[in-house]
Amino acid sequence: MCGRYALFRWNPAFAALPGFPADQQAQWNISPNDSVLMLRAGADGQRELARARWGLTPPWLTDLSRTPAHARAETVAEQPMFRQALRERRCLLPANGFYEWRGTTRKRPYWLTPGEGSSLFFAAIWEAYPVQEQVWLSTAVITQPAASQRRPLILDAAAQDIWLDPETPLHALQALLASEPAALRERVLANMVNDPKLNGPECLTPG
């Protein structure tokens, strides 16, 4: 399961998008419940960025200890927790790559990315949770089975347009949900990234 990812590099065009936080810092070790950047279609149809909590929080939820960070691509369209957000509140989570742990007796961390210096976008859904006079945004990553793991559903540029378009019909969304996993490069890492409090380039120290 993708439980950690990183966003530490972005280009000027991304930083020029509406909503890009002036105080945005590099995040090398993002975990569920952290504040993350999400990209969505704004009211005028233009793309905008917003901060959200990684852990979906529908406005009807009463048990805030149960906020899922992931939604399965195979069932997201049917599950009550996710189905309305899939139809009406889709977004992308930008990343430079993500971490994966493998092994039986001693799990080793791996770094997965399309290539050095590349960026990628995870398919995700979002919700708004009102608290008094403030509205909090939250999100969940769509995951799919890949290489005996569950990995984020990674969308290319054309698929990103389809995903973010509010007029995209359900059958087209389901085709994206069933798409083949993206081809990724991977390398084994040292165990420093195992510490969820570590937030620096040493997370990517080779193993």
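For the structure itself, consult the block above.
Keep in mind that what you see is a predicted model, and the values were worked out from it rather than measured.

Conventions and cut-offs
Residues numbered from 1 in each chain as written. Predicted model: local features only at pLDDT ≥ 70, side-chain atom pairs only at ≥ 80, totals over all residues. Heavy atoms only, no water. Salt bridge = Lys/Arg side-chain N within 4 Å of Asp/Glu carboxyl O. Helix = DSSP H or I, 4+ residues; strand = E, 2+ residues; numbered from the N terminus. Buried < 20%, exposed > 50% of the residue type's maximum accessible area, 1.4 Å probe, protein only. Axes fitted to C-alpha atoms, helices over the stretch in contact; angles between N-to-C directions. Parallel < 35°, antiparallel > 145°, perpendicular 65-115°, else oblique. Left-handed = near helix turned anticlockwise from the far one by under 90°. Contact = heavy atoms within 4.5 Å. Pairing = 2+ DSSP bridges. Arc of directions from axis to C-beta.

Chemist: Even after reading the chapter, I still don't get the pattern of salt bridges, so can you show me in this structure?
Modeler: Side chains carrying opposite charge are able to pair once their charged atoms draw close together. Per the counting criterion, the structure on display carries 9 salt bridges. Salt-bridge contacts for D161 lead to R47; the nearest nitrogen and oxygen are separated by 2.4 Å. Highlighted residues: D161 in helix α3 (residues 157–164) and R47 in strand β4 (residues 47–54), separated in sequence by 114 residues. Residue classification places D161 among the partly exposed positions, given a relative accessible area of 47%. Note on R47: relative accessible area 28%, which makes it partly exposed.

Chemist: Help me out: how do you make sense of unusual backbone geometry in this one?
Modeler: Most peptide bonds adopt trans geometry, and most residues besides glycine take a negative phi value. A positive phi angle, close to 85°, is found at N33, a residue other than glycine. With respect to the secondary-structure elements, N33 resides in the loop between β2 (27–30) and β3 (35–41). The phi angle at Q132 is positive, at roughly 55°, despite the residue not being glycine. Along the chain, the position of Q132 falls in the loop between β9 (120–131) and β10 (134–146).

Chemist: I would appreciate a short explanation of the packing of α3 against helix α4 (residues 170–177) in the present structure.
Modeler: Geometrically, a packed helix pair is captured by the angle between its two axes and the distance between the axes. Interaxial distance between α3 and α4 falls to 10 Å at its minimum, and their mutual angle equals 140°. Between α3 and α4, the interaxial angle falls into the category oblique. In the crossing of α3 with α4, the sense of the turn from one axis to the other is left-handed. Along its contact with α3, which presents A159, I162 and W163, the element α4 presents L173, L176 and L177.

Chemist: Looking at this structure, how should I read the pairing of strand β11 (residues 149–152)?
Modeler: Moving residue by residue along a regular strand, the side chains alternate between the two faces of the sheet. Strand direction decides the pairing type here: β10 and β11, joined by 4 bridges, are antiparallel. Bridge pairing in β11 links P145 to R150.

Chemist: Would you mind going over α3 with me for this structure?
Modeler: Along an α-helix, residues three or four apart share an orientation, since each turn contains 3.6 residues. Buried within α3 we find A159, Q160, W163 and L164. All buried residues of α3 lie within an arc of 125° about the axis, which places them on one face of the element.

Chemist: Quick question: what am I supposed to make of the pairing of strand β7 (residues 97–102) here?
Modeler: Both strand β1 (residues 4–7) and β7 contribute to a ladder of 3 bridges, which runs antiparallel. Residue pairing in the sheet places A6 in a bridge with G97 of β7. Looking at chain direction, β7 and strand β8 (residues 108–113) are connected through 5 bridges and run antiparallel. Directly across from F98, in β8, lies its bridge partner L112.

Bear in mind that shape data such as this cannot, by itself, settle questions of function.
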